[in-house]
Amino acid sequence: NKDKLNFKDQPLFVIGAVILEDEKNEQELINKYERFMQKFGFYKEKKGSDLLTRENNEALEWFIKHILDDTHFRVTLYSKKYYIPIL
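It should be emphasised that the depicted structure is a prediction, and the values quoted were computed from it without experimental measurement.

1. Quick look at the packing of helix α1 (residues 23-39) against helix α2 (residues 57-66)
Here's step 1: Between α1 and α2, the least distance of the axes is 11 Å, while the angle of their chain directions is 165°. On the basis of their axis angle, the class for α1 and α2 is roughly antiparallel. You can see that α1 and α2 cross each other, and the crossing is right-handed. Taking contact as the criterion, the partners of Lys32, Tyr33, Phe36 and Lys39 in α1 are, on α2, Ala59, Trp62, Phe63 and His66.
Here's step 2: Residue composition of the contact of α1 with α2, grouped by class: five nonpolar, one polar and two charged.

2. Considerations on the pattern of salt bridges
Here's step 1: The final tally for this structure, using the stated rule, is three salt bridges.
Here's step 2: The residue Lys24 makes a salt bridge to Glu28 at a minimum N-O spacing of 3.9 Å. Separated by four residues within a single helix, Lys24 and Glu28 lie in helix α1, roughly one turn from each other.
Here's step 3: You can call Glu28 partly exposed: its relative accessible area is 39%.
Here's step 4: Among the ionic pairs, Asp50 bridges to Lys46, the shortest N-O distance being 3.9 Å.

3. Considering the layout of surface pockets
Here's step 1: In this structure, the largest pocket spans a volume of roughly 340 Å³.
Here's step 2: For the largest pocket, the lining is made up of 16 residues, of which Tyr33, Gly48, Leu51, Phe63 and Leu68 are closest to its centre.
Here's step 3: Broken down by secondary-structure element, the contributors of at least two residues to the lining of the largest pocket are α1 and α2.
Here's step 4: Sort the elements by how many residues they give to the lining of the largest pocket and α1 lands first, with four residues.
Here's step 5: Residues that form the lining of the largest pocket fall into these classes: 13 nonpolar, two polar and one charged.

4. Looking at the nonpolar core
Here's step 1: By size, the foremost hydrophobic cluster in this structure holds 10 residues: Leu29, Phe36, Met37, Phe40, Phe42, Leu51, Ala59, Trp62, Phe63 and Ile67.
Here's step 2: For this core, the secondary structure elements donating two or more residues are α1 and α2.
Here's step 3: Residue contacts for Ile67: discarding those within four places in its chain leaves Leu29, Lys32, Tyr33, Phe36, Trp62 and Phe73.

5. Notes on α1
Here's step 1: For α1, with 17 residues, the first-to-last C-alpha span of 24 Å sits near the 24 Å given by 1.5 Å per residue.
Here's step 2: Along α1, the residues that are buried comprise Asn25, Leu29, Phe36 and Met37. In a view along the axis of α1, the buried residues occupy a sector of 115°, so they form one face of it. Turned more than 90 degrees away from the buried face of α1 sit Glu23, Lys24 and Gln38, all of them exposed.

Cut-offs and rules
Residues numbered from 1 in each chain as written. Predicted model: local features only at pLDDT ≥ 70, side-chain atom pairs only at ≥ 80, totals over all residues. Heavy atoms only, no water. Axes fitted to C-alpha atoms, helices over the stretch in contact; angles between N-to-C directions. Helix = DSSP H or I, 4+ residues; strand = E, 2+ residues; numbered from the N terminus. Parallel < 35°, antiparallel > 145°, perpendicular 65-115°, else oblique. Left-handed = near helix turned anticlockwise from the far one by under 90°. Contact = heavy atoms within 4.5 Å. Nonpolar A, V, L, I, M, F, W, Y, C, P; charged D, E, K, R; others polar. Salt bridge = Lys/Arg side-chain N within 4 Å of Asp/Glu carboxyl O. Buried < 20%, exposed > 50% of the residue type's maximum accessible area, 1.4 Å probe, protein only. 1 Å grid on protein atoms, 1.4 Å probe; cavity = no way out; pocket = protein on both sides within 12 Å on 5 of 7 lines; lining within 4 Å. Points joined across faces, edges and corners; volume = space filled by probe spheres on them. Core = buried A, V, L, I, M, F, W, Y, C linked by side-chain atoms within 4.5 Å. Expected span 1.5 Å × (residues − 1). Arc of directions from axis to C-beta.

Set out below in structure tokens:
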């Protein structure tokens, strides 16, 4: 259907989750994110795709090193080409 599902430019479907133990844990993660935003002069929302530009290499590296971990984040990737037909 004329790339209606955009397999060519966006071949993946991504599901992400943030996992928190309690309110204290949630606040710690929020504080880390706020420090990140402040450190790099980002205001309001920052799109993940913006971090993939050369000008934001340092910010991306900091985000990966200081915020992402295997305790609080889970991501599942699906190929749209194969996942959508089984729904």
